[in-house]
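Close look at the chain arrangement
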Amino acid sequence: MLNFVLHSPTRIHFGQGVVNQTGDIVRQHAKKVLLVTGRSSTKKTGTLQKVMASLEKSGVEMVLFDRVEPNPRATTIDEAGELARKEQCELIIGLGGGSAMDAAKAIATVAISGRPIHEYIRGNQTRLWKTLLPIQQALPIITIPTLAATGSEANSGAVITNWETKEKSSISGPGLFPKEAILDPELTYSVPTNYTSDGAVDIFTHLYEAYMTGDEQANVQDEITEGLIRNVVRYAKQAIDTPDDYEARSHLLWSSTLALIGIPNAGRGGSFPVHQMEHTLSAYYDISHGRGLAILTPAYFRRVVKEDRPHRLARLGRAVFQVSAPNDVEAAEATIQEVIKWFKELNVYDTLEAVGVAKSDLQMMAEETIRISGGDQNYIAGTRSLYAKDILSIFEEVYHTQV
Ligand code: NZQ
Ligand code: ZN
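Just so you know, these numbers come straight off a predicted model, no measurement behind them. (Residues numbered from 1 in each chain as written. Chains lettered and ligands numbered in written order. Predicted model: local features only at pLDDT ≥ 70, side-chain atom pairs only at ≥ 80, totals over all residues. Heavy atoms only, no water.)

**Some details on the overall build of the chain**
Along the chain, the regular secondary structure elements total 15 helices and ten strands. For the chain, the C-alpha radius of gyration of 20 Å lies close to 22 Å, the compact-globule estimate for 403 residues. In terms of overall dimensions, the chain has a C-alpha envelope of 65 × 45 × 45 Å along the principal axes. When each of the 403 residues of the chain is scored for burial, the buried share is 58%. (Helix = DSSP H or I, 4+ residues; strand = E, 2+ residues; numbered from the N terminus. Rg over C-alpha atoms; globule rule 2.2 N^0.38 Å. Buried < 20%, exposed > 50% of the residue type's maximum accessible area, 1.4 Å probe, protein only.)

Below you can see the structure in the form of structure tokens.
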């Protein structure tokens, strides 16, 4: 196991009805807040009204910004950051999926610094991110997730898209840790089937990426990871079949938080190449993050992990999918088949063509992945260095038909 520092300072309030405590929790930090949410779901479900009522009851003044789009854009962040400054808000609440929570973190940054958020986006052309990251200072942040997926509720990262330059990447730093996260699984009952599935694949990918690429002497972390993946596989289908099943929704939400809170990957290192490839897809085509990950995963497993570390795929399959083949290479292939079977059950087994990607863009997107996520190298890290040609071959493999 590698040496590590684990810093996870977000106070978590978990359970049925905790959303109604929002006002009391917020009041301990601020008297006036910017409430950041997406364009429609929190209004339709009544969650926004619940949060607003709780804030009002506790005497917290609130300014609403309800225009965050999925895959939040830099221009939207800048506008909301300006609003927070003008209104002298003392804290930012992110209410919604990863997009609203990430937006809240970015707005909290801009509200203090006054700088456009695109300057902070890792890998962007200005190269200012090299000096601006990690972000130390932002307004205090409180998250209220309504979708189990990203884990943004309790980590110090956010993903923002500069739509004009098609640069989608992370911002991060200790200043972005939410002070409090209010996790009420009932808020996720209304998540439709497609986003429940995409979210489950996102959680699964957060768990498997470092498991495949990181240090292999971290058995505690490996078993935590396998346990969380078992829960995601078990409860995703249950949540789809019975959307208001508290057991399923609470296990999915808690798994999403734990997957990216730092514990599974502490002492393991590892890299996130599938995420880096996917961010290019959603930067250009505005597709759902989880769906993009589902499209790429089978080909990544077969072309890269099965060749480099078949024993890791084999271990995953034995621990999660009851794969019984004694030979690691055969077990690795059986694991890939099990993952595909699970993706089919979730209805996320898809192709780039079907989500609207033009074949003529594949080469360019492979190169862009390297430009944004390769640092100063001409590759992204994984079980091996992945060059543009390797990324292209994965994109091509999942273009028409799945492997
Ligand atoms: O936008 P609204 O109207 O709120 O509707 C959303 C959106 O259409 C809807 N939704 C959310 N909660 C709902 C609901 N619909 C009904 N009932 C509810 N309870 O779902 C749609 C998708 O929401 P979004 O927030 O975009 O999804 P997700 O949570 O998957 O977040 C995706 C974003 O997070 C980034 C992704 O790249 C993407 O930009 N990520 C953030 C990470 C982080 N901060 O740690 C890590 C991830 O790997 C990821 O990259
Ligand atoms: Zn993700």
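**Digging into the coordination of the zinc ion (ligand 2)**
Within the protein, Asp 202 (OD), His 206 (NE2), His 275 (NE2) and His 289 (NE2) serve as the donor atoms for the zinc ion (ligand 2), at 1.9 to 2.2 Å. Each donor residue of the zinc ion (ligand 2) belongs to the same chain, with the gaps between them written as D-x3-H-x68-H-x13-H. Highlighted residues: Asp 202 and His 206, both in helix H7 (residues 193-213), separated by four residues, approximately one helical turn. The class of His 206 is buried, set by a relative accessible area of 4%. (Donors = N, O, S within 2.8 Å, 3.2 Å for Na, K, Ca; no water.)

**Section: the domain arrangement of the chain**
Looking at the assigned domains, one finds that the chain contains domain 1 (11-188) and domain 2 (193-397). Look at where the C-alpha atoms of domain 1 and domain 2 centre, and you get two points 26 Å apart. The interface of domain 1 with domain 2 comprises 34 residues on the first partner and 26 residues on the second. In total, domain 1 and domain 2 occlude about 2500 Å² of area from one another, counting both sides; carbon and sulfur atoms represent 58% of this. Of all residues in domain 1, Ala 148, Lys 166 and Lys 168 bury the most surface against domain 2, accounting for 21% of the area lost on that side. The interface formed by domain 1 and domain 2 includes four salt bridges. In this structure, Glu 167 and Arg 371 form a salt bridge, with 3.0 Å as the shortest nitrogen-oxygen distance. Where domain 1 meets domain 2, there are eleven residue pairs in polar contact (both at pLDDT 80 or more). At the level of secondary structure, the elements contributing two or more residues to the side of domain 1 that touches domain 2 comprise strand S1 (11-14), strand S6 (157-162) and strand S7 (167-172). (Domains from an automatic or database assignment. Contact = heavy atoms within 4.5 Å. Buried area = accessible area lost by both parts, 1.4 Å probe. Salt bridge = Lys/Arg side-chain N within 4 Å of Asp/Glu carboxyl O. Polar contact = N/O pair within 3.5 Å; in protein donor to acceptor, adjacent residues only side chain to side chain.)

**Re the site of ligand 1**
The environment of ligand 1 is formed by 32 residues, the closest being Gly 98, Ser 99, Asp 102, Thr 146 and His 206. Measuring from a nitrogen atom of ligand 1, one finds a side-chain N or O atom of Ser 190 at 2.8 Å. One of the side-chain N or O atoms of His 275 is found 2.9 Å from an oxygen atom in ligand 1. Here ligand 1 has 970 Å² of accessible area as a free molecule, and 89% of this is covered by the chains. Looking at the shell around ligand 1, the elements that each hand over two or more residues are helix H5 (98-113), S6, H7 and helix H10 (273-285). In the shell around ligand 1, the residues fall into eleven nonpolar, 17 polar and four charged. (Near = heavy atom within 4 Å. Areas by Shrake-Rupley, 256 points an atom, 1.4 Å probe, with all protein chains shown as cover. Nonpolar A, V, L, I, M, F, W, Y, C, P; charged D, E, K, R; others polar.)

**Notes on the pairing of strand S4 (residues 91-96)**
In terms of residue burial, S4 counts as a mostly covered element, since six of its six residues are buried. Sheet analysis places strand S2 (residues 32-38) next to S4, joined by five bridges and oriented parallel. In the strand pairing of S4, Thr 37 is matched with Leu 95. Sheet analysis places S4 next to strand S5 (residues 141-145), joined by five bridges and oriented parallel. Counted as the bridge partner of Gly 94 is Thr 143 from S5. (Pairing = 2+ DSSP bridges.)

**A word on the nonpolar core**
Counting 72 residues, the largest nonpolar core has Phe 204, Met 277, Tyr 300, Phe 301, Trp 342, Leu 352 and Phe 395 as its most contacted members. Among the elements that take part in this core, helix H11 (residues 289-308) stands out by supplying nine residues, more than any other. There are two domains that each give this core at least three residues, and those are domain 1 (11-188) and domain 2 (193-397). Those residues in contact with Trp 342 that sit more than four places away from it in its chain are Ala 200, Phe 204, Val 232, Val 233, Ala 236 and Phe 321. In this structure, Ala 103, Ile 117, Ala 138 and Leu 139 belong to the second largest nonpolar core, which totals 32 residues. (Core = buried A, V, L, I, M, F, W, Y, C linked by side-chain atoms within 4.5 Å.)

**Observations regarding the packing of aromatic side chains**
Under the definition given, this model contains nine aromatic pairs. Residues Phe 204 and Trp 342 carry aromatic rings whose centres are separated by 5.3 Å and whose planes lie at 85 degrees to one another, so their mutual orientation is edge-to-face. Of this pair, Phe 204 sits in helix H7 while Trp 342 sits in helix H13 (residues 328-346), and the two are 138 residues apart along the sequence. Phe 204 sits in the buried class, given a relative accessible area of 0%. Here the aromatic cluster, defined as three or more aromatic residues joined through ring pairs, consists of Phe 204, Tyr 208, Tyr 300, Phe 301, Trp 342 and Phe 343. Taking NZ or CZ as reference, Arg 73 lies 4.0 Å from the ring centre of Trp 163, over its face. One cation-aromatic arrangement involves Arg 312 over Tyr 211; the distance from NZ or CZ to the ring centre is 4.4 Å. (Phe/Tyr/Trp six-rings, centres within 6.5 Å; stacked < 30°, edge-to-face > 60°. Lys NZ or Arg CZ within 6 Å of the ring centre and 35° of its normal.)

**Let's talk about the sheet that holds S5**
Judged by pairing direction, the sheet is parallel, and its six strands sit side by side in the order S1-S8-S5-S4-S2-S3 without closing on themselves. The strands lining the two open edges of the sheet, one partner per strand, are S1 and strand S3 (61-68). Within this sheet the neighbouring strands show an average axis-to-axis angle of 15 degrees, counted without direction. Most of the contacts of helix H3 (residues 47-57) go to S2, to which it runs at about 175 degrees, and overall it touches S2, S3, S4 and S5. Of the strands in this sheet, S2, S3, S4 and S5 are in contact with H5, which crosses S4 at around 165 degrees. (Axes fitted to C-alpha atoms, helices over the stretch in contact; angles between N-to-C directions.)

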